[in-house]
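In case you want the letters, here they are:
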Amino acid sequence: MIQRSLKLPGGHAVDYTLKVSPNRRTIGLRIDANGLTVHIPKRISQQTVDSLLRDKSDWIARKLGEWQERAQPLEWMDGARLQYLGNEITLTLRQDDRNRALEFDGSRLHVAQPDPEDLKAVQRKVAKWYAAQARSDFTRRIELLSAKLGVPTPPVFLSNARTRWGSCNSRGEIRLHWRLIQAAPHIIHYVVAHELAHLKEMNHSPKFWAWVEKLCPDYQKSREQLKAISHQLHLM
Ligand SMILES: [Zn+2]
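Cut-offs and rules
Residues numbered from 1 in each chain as written. Predicted model: local features only at pLDDT ≥ 70, side-chain atom pairs only at ≥ 80, totals over all residues. Heavy atoms only, no water. Helix = DSSP H or I, 4+ residues; strand = E, 2+ residues; numbered from the N terminus. Domains from an automatic or database assignment. Contact = heavy atoms within 4.5 Å. Buried area = accessible area lost by both parts, 1.4 Å probe. Salt bridge = Lys/Arg side-chain N within 4 Å of Asp/Glu carboxyl O. Polar contact = N/O pair within 3.5 Å; in protein donor to acceptor, adjacent residues only side chain to side chain. Nonpolar A, V, L, I, M, F, W, Y, C, P; charged D, E, K, R; others polar. Donors = N, O, S within 2.8 Å, 3.2 Å for Na, K, Ca; no water. Buried < 20%, exposed > 50% of the residue type's maximum accessible area, 1.4 Å probe, protein only. Phe/Tyr/Trp six-rings, centres within 6.5 Å; stacked < 30°, edge-to-face > 60°.

## Details of unusual backbone geometry
- Residue Leu-85 is not a glycine yet carries a positive backbone phi of 50°.
- Among the secondary structure elements, Leu-85 is positioned in the loop between β5 (81-84) and β6 (87-95).

See the structure below:
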């Protein structure tokens, strides 16, 4: 599976996933919550793929637009459902004379502030709380898995990148998206394992995947699941 991007005649770029299917004879396009996936036969040039995508660019843009409209962004109101570590939790809003620190009781996240209708403030506070949970959760996992991999614990930073859940640069710094804390622990585990494995192999070769598997034997399942929920994780 390869991630690519193509500039369309209209000027904007479309990101897509390229999947080689040895049994195919033709190129197939699929658009769903995860965006555009292009299924191609084994021997086909990138040029052929690009020109087909350009021919179909109107259709692609329209279908992608339909999916974006269907996805409802989160409404920041009392009783709103949030995802946290793969579980659904409820947001509660309450008026209080003071701005209180957020409280989480395991199933509800309580926000109390002078103006509970100030939804921008609610959104800001909740995002900050999620980022704080993400930082401590990811740091702990990085410590555990880097020990298992036999490498020094790398520095971890939170990211807000639109297109990727994690990255590892040539300086060995790992970045993980704070929104990932919404996902179930085994999915976070996979992303951490993936980025740590890059400390051993800076590519996606079979050797690289062998390191991932060592840290996360079930990685293929988690990887598929992450792809399936990626779109949802961005709604918050
Ligand atoms: Zn990677």
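## With respect to the domain arrangement of the protein chain
- Here the protein chain is described as being made up of domain 1 (2-70) and domain 2 (81-233).
- Spacing between the C-alpha centres of domain 1 and domain 2 amounts to 29 Å.
- Taken together, the contact pairs 4 residues of domain 1 with 5 residues of domain 2.
- In total, about 380 Å² of surface goes out of reach between domain 1 and domain 2, with carbon and sulfur atoms giving 42% of it.
- In this structure, the connection of domain 1 to domain 2 is made through 0 salt bridges.
- For the pair domain 1 and domain 2, the number of links is 0 residue pairs in polar contact (both at pLDDT 80 or more).
- Of the residues belonging to the side of domain 1 that touches domain 2, the class tally is 1 nonpolar, 1 polar and 2 charged.

## Some remarks on the coordination of the zinc ion
- Protein ligation of the zinc ion involves His-194 (NE2), His-198 (NE2) and His-204 (NE2), the donor distances falling in the range 2.0 to 2.1 Å.
- Mapped onto the sequence, the residues coordinating the zinc ion show the spacing H-x3-H-x5-H.
- Owing to a relative accessible area of 9%, His-198 belongs among the buried residues under this scheme.

## Quick word on the packing of aromatic side chains
- Taken as a whole and judged by the stated rule, the model has 7 aromatic pairs.
- Aromatic side chains Phe-208 and Trp-209 sit 4.9 Å apart centroid to centroid with 75° between the ring planes, which places their arrangement in the edge-to-face category. Of the two residues, Phe-208 and Trp-209, neither departs from the other in class, the shared state being buried.
- Aromatic pair Trp-209 and Tyr-219: ring centres 5.2 Å apart, planes at 15°, arrangement stacked.

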